[in-house]
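Coordinate inspection notes
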Amino acid sequence: MTAAAPAPSPDPAEPVLRVAGLDVSFAIDGGSAKAVDGVGFQLTRGRTLALVGESGCGKSLTALAVLGLVPRPGRIGAGSVRYHGRELTSLDDRALRGIRGNAIAMVFQEPMTSLNPVYTVGDQIAEAYRLHFSASAREARAEAVSMLDHVGIADAQNRARAYPHQLSGGMRQRAMIAMALVCRPDVLIADEPTTALDVTIQGQILDLILAMQKENGMAVLFISHDLGVVSEVADDVAVMYAGTIVEQTPAASLFAAPRHPYTRGLIETLPGTTPPGGRLPAIPGVVPDFRRRPKGCRFSDRCSLADGHCRDASPPPAVSGGAVSCWKADAP
């Protein structure tokens, strides 16, 4: 059997996926507004980059853009998405279907809206396998059962015959991971994969993703609003705010010495960072609507350090490791 994925990079240190200057725009009132603006990052084999930020920052839209799945009327206005050097933004939908689920796979945050309710989970995993490999129905079915067993679902043979509503939330998420990994992708995008799961199941899902990464050497883009979860899984972190990346650095550096005021605010809101009985801090205000963002720094209207320059001039985005998009970076 022959996979449809491009050949892996001969140099494991080279990025598997490189995103640069990515813009996603939506038409509004005769013009357009950027929901994602100048985003850049790279994924390396065997490492996890966490993309973090509050809801509405553009994290999920960035992931969809990587796969060419931006919902209409949105569109990729500029930028580059390169998989092993191959530009994906210029591919037609047929060519992209050969990439999605095969070379680059995605686990969505809500499996009940991602799994088809009228097909068994085994049939859906088998279909994903047959889509990219020259496999018979029997071979694909056997692979689906094997993958369900591999992700820790007991009695996989019978569970493969179950419909999504017959499985628990944790099992459905494991089935989604099985579907994403059945073709052994180079890149896994995990979009809030533990949302709505209890703490015990959440830990099991995180452990599963890390174990599969270690086994397959995947590059992982882990999307989350929860820095507590990110601290457990990420090698590198890109902090996103109002459509752009404001800080990008190794995880150890970010948690030891965050440089952007927004990053510091996120970390200060983590439980355990305040004395017992103290009030948990909160970042004032809300993420601005992408149609009505501040003129200068997008965080200026929520930042206690902002001055006139911050409000008038936008700092360049943080597009590489160790970069920060802030005129007041490292200020006390």
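The rules we used
Residues numbered from 1 in each chain as written. Predicted model: local features only at pLDDT ≥ 70, side-chain atom pairs only at ≥ 80, totals over all residues. Heavy atoms only, no water. 1 Å grid on protein atoms, 1.4 Å probe; cavity = no way out; pocket = protein on both sides within 12 Å on 5 of 7 lines; lining within 4 Å. Points joined across faces, edges and corners; volume = space filled by probe spheres on them. Helix = DSSP H or I, 4+ residues; strand = E, 2+ residues; numbered from the N terminus. Nonpolar A, V, L, I, M, F, W, Y, C, P; charged D, E, K, R; others polar. Pairing = 2+ DSSP bridges. Buried < 20%, exposed > 50% of the residue type's maximum accessible area, 1.4 Å probe, protein only. Right-handed = clockwise from strand over helix to strand, strands pointing away. Salt bridge = Lys/Arg side-chain N within 4 Å of Asp/Glu carboxyl O. Expected span 1.5 Å × (residues − 1). Contact = heavy atoms within 4.5 Å.

1. A closer look at the layout of surface pockets
The method is simple in principle: a probe with the dimensions of a water molecule rolls over the atoms, and the space it marks as empty is what remains. Empty space within the largest pocket amounts to approximately 530 Å³. Along its surface, the largest pocket is lined by 19 residues, and G101, M106, F108, A128 and M179 are the ones closest to its centre. Considering every element that reaches the lining of the largest pocket, the biggest residue donor is helix α4 (residues 121-132), with 5 residues. A class-by-class count of the residues in the lining of the largest pocket yields 11 nonpolar, 5 polar and 3 charged.

2. Points about the sheet that holds strand β9 (residues 236-241)
Taken together, 7 strands build an open sheet; the order of strands is β6-β7-β8-β3-β9-β10-β11 and the sheet is mixed. A single partner strand is all that each edge strand has here, and the edge strands are β6 (104-107) and β11 (323-324). Pairing analysis gives 6 bridges linking β9 to strand β10 (residues 244-250), with the strands arranged antiparallel. Each bridged residue has a counterpart across the sheet, and for M240 the counterpart in β10 is I245.

3. Digging into the pairing of strand β8 (residues 219-224)
Where burial is concerned, most of β8 is hidden: 6 out of the 6 residues are buried. In the sheet, strand β3 (residues 48-52) pairs with β8 via 5 bridges, with the strands oriented parallel. Within β8, the residue paired with A50 across the bridge is F222. Pairing geometry for strand β7 (residues 187-191) and β8, over 5 bridges, is parallel. When the sheet's bridge partners are listed, A190 is paired in β8 with F222. Handedness of the β-α-β unit built from β7, helix α8 (residues 199-216) and β8 comes out right-handed.

4. Let's talk about the pattern of salt bridges
Applying the stated criterion to the full structure yields 14 salt bridges. Two residues, D93 and R97, come together in a salt bridge whose shortest N-O distance is 2.7 Å. Here D93 and its partner R97 are both found in helix α2 (residues 93-97), 4 residues apart, which amounts to about one turn of the helix. Accessibility expressed as a relative area gives 41% for D93, which makes it partly exposed. Between E143 and R184 there is a salt bridge; the shortest N-O distance is 2.7 Å.

5. Some words on helix α7 (residues 169-181)
The first and last C-alpha atoms of α7 sit 18 Å apart over 13 residues, in line with the 18 Å expected at 1.5 Å per residue. Counted residue by residue, α7 has 11 buried out of 13 residues, so it is predominantly covered. Looking at α7, one finds that the buried residues are G170, R172, Q173, R174, A175, M176, I177, A178, M179, A180 and L181. Residues of α7 that are buried in the fold lie against β6, α3 (111-114), α4, α5 (137-150), β7 and α8.

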